[in-house]
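For reference, the chains in residue letters:
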Amino acid sequence: MLVRFWGTRGSIAKPGPDTFRFGGNTSCVEVRSDAGTLLVIDCGTGAHGLGQALMRERPDGMEGSLLISHTHWDHIQGFPFFAPFFAPGHTWDVYGPSGLSGSLRSVLSGQMQHAYFPVTLEQFAATIRYHDLHEGTVRIGDVTITTHLLNHPALTLAYRLQADGATVVYCCDHEPHDPALASGLGPLSGQELHHAAFIEGADLVIHDAQYTALEFPAKLGWGHSSVEYAVRLCEEAGVGRLVLTHHDPLRNDATIDLILAGVRADLAERGTPLEVLAASEGLVLRTSPRDPEAAADTPRVEAGAGALRSEPGGPPALVWVTDGDLEAALGTALRLEGLPFHVAGSEADLTERLERDGASLLLLEQARPVRDGPGLVRRLREGGATALDDIPVVMLTAVEEQAHRDDPLVSEWLVLPVSESFLRARIQAWSLRTPCRWERARPPRDEDQRLRRLAELGLLDTEREERFADHPLVLGEPRIRFYAGAPLILEDGTCLGTLCLIDTRPRQLSGAELSLLHDLRDLILLELSPQPCPVALHHP
Ligand SMILES: [Zn+2]
Ligand SMILES: [Zn+2]
């Protein structure tokens, strides 16, 4: 594969004499397989130069794919300025995670609203298709792409590209799950092992390295890596070449030179074969596999914790915390994400619920000496709750020192306070670890009678009305995330079906809204009645 850097800066474009060599444009990388598959990763301001170059190369049209890590400005600001989008005959597939505020397409179109930009997304002349991604694998041309969720305040994906027997990984923006690792020292554990497994054995890793270990403590929670952490991780994961990128806007060329020299001296002293470079605009790298057999493997991603099972009627998330405000904040975040949950009143209640219904996610607290969350998980495990192997355990604590990040029973530590959006991003990340599994409703016991009554009412073989298990509108656009139904039950007890409301956002219906739905259902039943009731005709 050929890799060319068009934008290397993080946060905001910073062109000028101090950033001339490493570049001032924000994130954008071009990747081409030997067979000619064209991929663009991230669409920061660097995409402007790339777009111009592509138009010179193929003015009449080309096919390409854009992979967006996340929709923070420094990764999408070049999107409305990417010339191929305005050219008829060009075809582009745009991939990325959908954020908290809707699908990838709707978020991208948000920055092109009239107040911000004169041209709307609908006015692009190229054929553009949008694809929302979760964790998984997608194949584009001859390139196999595996995605992996990163630790960032927005839902963010890393990409692992495999083609031509080589592997390239792109990881921007990401903060170590364990802040202690920002120093580049200490053992990897928990989610860090999961992250290391994702980049394992890659020939080339392009990694966020916005800060140094010294700067990191003041930037905790901003969602970025230190140089030392990126190096440590790549050493541990047996990576061939590491390219440090997402340079801080305050970082000038001379400082990047110094940082790089320091890293290389350290590596030489330790005798580590890892090669480290700093991304610079215009840098072109060609990958060739060091070990063709190893490179052909898909990443050995270890299940740090299992999937959140969010099928309707599936087990709820279980919450058990001491602090009332925290409990309310968790409730709000879970509600906004549309996930059912139960707040346990006691350890016994939690245990009983877990044994009886299972759980999709455990949200517990470490607040010693009052509450020992990890101790509780250990007791549950020892009590034979083997289902815990598949349930993500998120542990909240207000005291950094109480976070035991190497505890294998804890999937993730969140140090309080956390913002609502960050909490939602993490809950969403766990809920997207694997796709939701939907189950078809079982046929009712009186199915024959139901079909007979439908035939009598002349409703059978009318327009096709799907139920929504595995429905493309759930799995694809517009990604239905809310469903409310009122069953249509005739006087003789036959259930004809359901009057449904759907939406693309999770919603909670109020009591008044629910009774309105029931009223509408009653009106329909009156309409369907073989002898229409005169009252129905005059109903408001
Ligand atoms: Zn960024
Ligand atoms: Zn970001």
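The structure reproduced in this document is the subject of the present report. (Residues numbered from 1 in each chain as written. Chains lettered and ligands numbered in written order. Predicted model: local features only at pLDDT ≥ 70, side-chain atom pairs only at ≥ 80, totals over all residues. Heavy atoms only, no water.)

Observations concerning the coordination of the zinc ion (ligand 2)
Around a metal, the idealised angle for a tetrahedral arrangement of four donor atoms is 109.5 degrees; for an octahedral arrangement of six donor atoms it is 90 or 180 degrees.
Next up, step 1: Within the first shell, the zinc ion (ligand 2) binds the protein through His 70 (NE2), His 72 (ND1), His 152 (NE2) and Asp 173 (OD), at distances of 2.1 to 2.5 Å.
Next up, step 2: Around the zinc ion (ligand 2), the 4 donor atoms are arranged such that angles at the metal cover 91 to 172°; this shape is classified as irregular.
Next up, step 3: Read in sequence order, the donor residues coordinating the zinc ion (ligand 2) give the pattern H-x1-H-x79-H-x20-D.
Next up, step 4: Taking the relative accessible area as the measure of exposure, Asp 173 reaches 1% and is therefore buried. (Donors = N, O, S within 2.8 Å, 3.2 Å for Na, K, Ca; no water. Tetrahedral: all angles 85-135°; square planar, octahedral: opposite > 155°, others 65-115°. Buried < 20%, exposed > 50% of the residue type's maximum accessible area, 1.4 Å probe, protein only.)

Quick look at the environment of Leu 283
Next up, step 1: By secondary structure assignment, the location of Leu 283 is in the loop between β13 (275–278) and β14 (284–286).
Next up, step 2: Residue classification places Leu 283 among the buried positions, given a relative accessible area of 18%.
Next up, step 3: Separated by 279 residues in the primary sequence, Leu 283 and Arg 4 place their C-alpha atoms 5.7 Å from one another.
Next up, step 4: Setting aside residues up to four positions removed in sequence, Leu 283 forms contacts with Val 3, Arg 4, Phe 5, Leu 277 and Ala 278. (Helix = DSSP H or I, 4+ residues; strand = E, 2+ residues; numbered from the N terminus. Contact = heavy atoms within 4.5 Å.)

Quick word on helix α6 (residues 253–270)
Because each turn of an α-helix spans 3.6 residues, side chains separated by three or four positions in sequence point in the same direction.
Next up, step 1: Taking 1.5 Å of rise per residue, 18 residues should cover 26 Å, and α6 covers 26 Å from first to last C-alpha, within 8% of that figure.
Next up, step 2: Taken as a whole, α6 has its buried residues at Asp 253, Ile 256, Ile 259, Leu 260, Val 263 and Leu 267. What you see down the axis of α6 is that its buried residues fit within an arc of 125°, all on one side. Facing away from the buried side of α6 by more than 90 degrees, the exposed set consists of Leu 258, Ala 268 and Glu 269.
Next up, step 3: Backbone geometry just after α6 places Gly 271 at a positive phi near 70°. (Expected span 1.5 Å × (residues − 1). Arc of directions from axis to C-beta.)

Thoughts on the side chain of Thr 212
Next up, step 1: Within the fold, Thr 212 resides in the loop between β11 (204–208) and α5 (227–236).
Next up, step 2: Once you skip the residues sitting within four places of it in the chain, Thr 212 turns out to touch Ser 226, Val 227, Glu 228, Arg 251 and Ile 259.

Side note on the sheet that holds strand β4 (residues 63–67)
Next up, step 1: As summarised here, the arrangement of the 7 strands in space is β6-β5-β4-β3-β2-β1-β14, forming an open sheet in which the pairing is mixed. Looking at strand neighbours, the two that pair on one side only are β6 (127–132) and β14, the edges of this open sheet. Strand-to-strand twist in this sheet, taken as the mean axis angle between neighbours without regard to direction, amounts to 20°.
Next up, step 2: Where strand β5 (residues 91–96) and β6 come together, 6 bridges link them in parallel fashion. Among the inter-strand pairings, Val 94 is bridged to a residue of β6, identified as Tyr 130.
Next up, step 3: Together, β1 (2–7), β2 (28–32), β3 (38–41) and β5 form the strand contacts of helix α1 (residues 47–57), whose direction differs from that of β2 by roughly 35°. (Pairing = 2+ DSSP bridges. Axes fitted to C-alpha atoms, helices over the stretch in contact; angles between N-to-C directions.)

Concerning the packing of aromatic side chains
Next up, step 1: In total, this model carries 8 aromatic pairs according to the counting rule given.
Next up, step 2: Taking 4.9 Å as the distance between ring centres and 70° as the angle between the ring planes, the aromatic pair formed by Phe 82 and Phe 85 counts as edge-to-face. Note on accessibility: Phe 82 and Phe 85 belong to one class, buried.
Next up, step 3: Counting every residue linked through ring pairs, the aromatic cluster contains Phe 79, Phe 82, Phe 85, Phe 86, Trp 92 and Phe 124.
Next up, step 4: Cation over ring: Lys 219 sits above Trp 222, and NZ or CZ is 4.5 Å from the ring centre.
Next up, step 5: Note that Arg 371 overlies the ring of Trp 320, its terminal NZ or CZ placed 3.5 Å from the centroid. (Phe/Tyr/Trp six-rings, centres within 6.5 Å; stacked < 30°, edge-to-face > 60°. Lys NZ or Arg CZ within 6 Å of the ring centre and 35° of its normal.)

Section: unusual backbone geometry
Next up, step 1: Here Arg 368 and Pro 369 are connected by a cis peptide whose omega angle stands at 5°.
Next up, step 2: Along the chain, Pro 369 falls in the loop between β17 (361–367) and β18 (371–372).
Next up, step 3: The omega torsion across Leu 416 and Pro 417 is 0°, close enough to zero to call that bond cis.
Next up, step 4: Counting through the fold element by element, Pro 417 comes out in the loop between β20 (412–415) and α11 (420–431).
Next up, step 5: In this structure, His 246 is a non-glycine residue whose phi angle is positive, near 60°.
Next up, step 6: Inspection of the secondary structure puts His 246 in the loop between β12 (241–245) and α6.
Next up, step 7: Here His 246 falls in the buried class, since its relative accessible area comes to 0%.

Side note on the coordination of the zinc ion (ligand 1)
Next up, step 1: Listed as protein donors to the zinc ion (ligand 1) are Asp 74 (OD), His 75 (NE2), Asp 173 (OD) and His 246 (NE2); their distances from the metal cover 2.1 Å.
Next up, step 2: Around the zinc ion (ligand 1) sit 4 donor atoms, and with donor-metal-donor angles ranging over 86 to 162° the site reads as irregular.
Next up, step 3: All donors to the zinc ion (ligand 1) come from one chain, and their sequence spacing reads D-H-x97-D-x72-H.
Next up, step 4: Here the zinc ion (ligand 2) and the zinc ion (ligand 1) are spaced 3.5 Å from one another, each receiving a donor from Asp 173.

Some points on the sheet that holds strand β7 (residues 136–140)
Next up, step 1: If you trace the 7 strands from one edge of the open sheet to the other, you get β7-β8-β9-β10-β11-β12-β13, paired in mixed fashion. Of all the strands in the sheet, the pair left with one neighbour each is β7 and β13. Shown here is a sheet whose adjacent strand axes are inclined to one another by a mean of 20°, direction ignored.
Next up, step 2: Judged from the 4 bridges that link them, β12 and β13 form a sheet pairing that is parallel. Considered in β13, the bridge of Val 243 is made with Leu 277.

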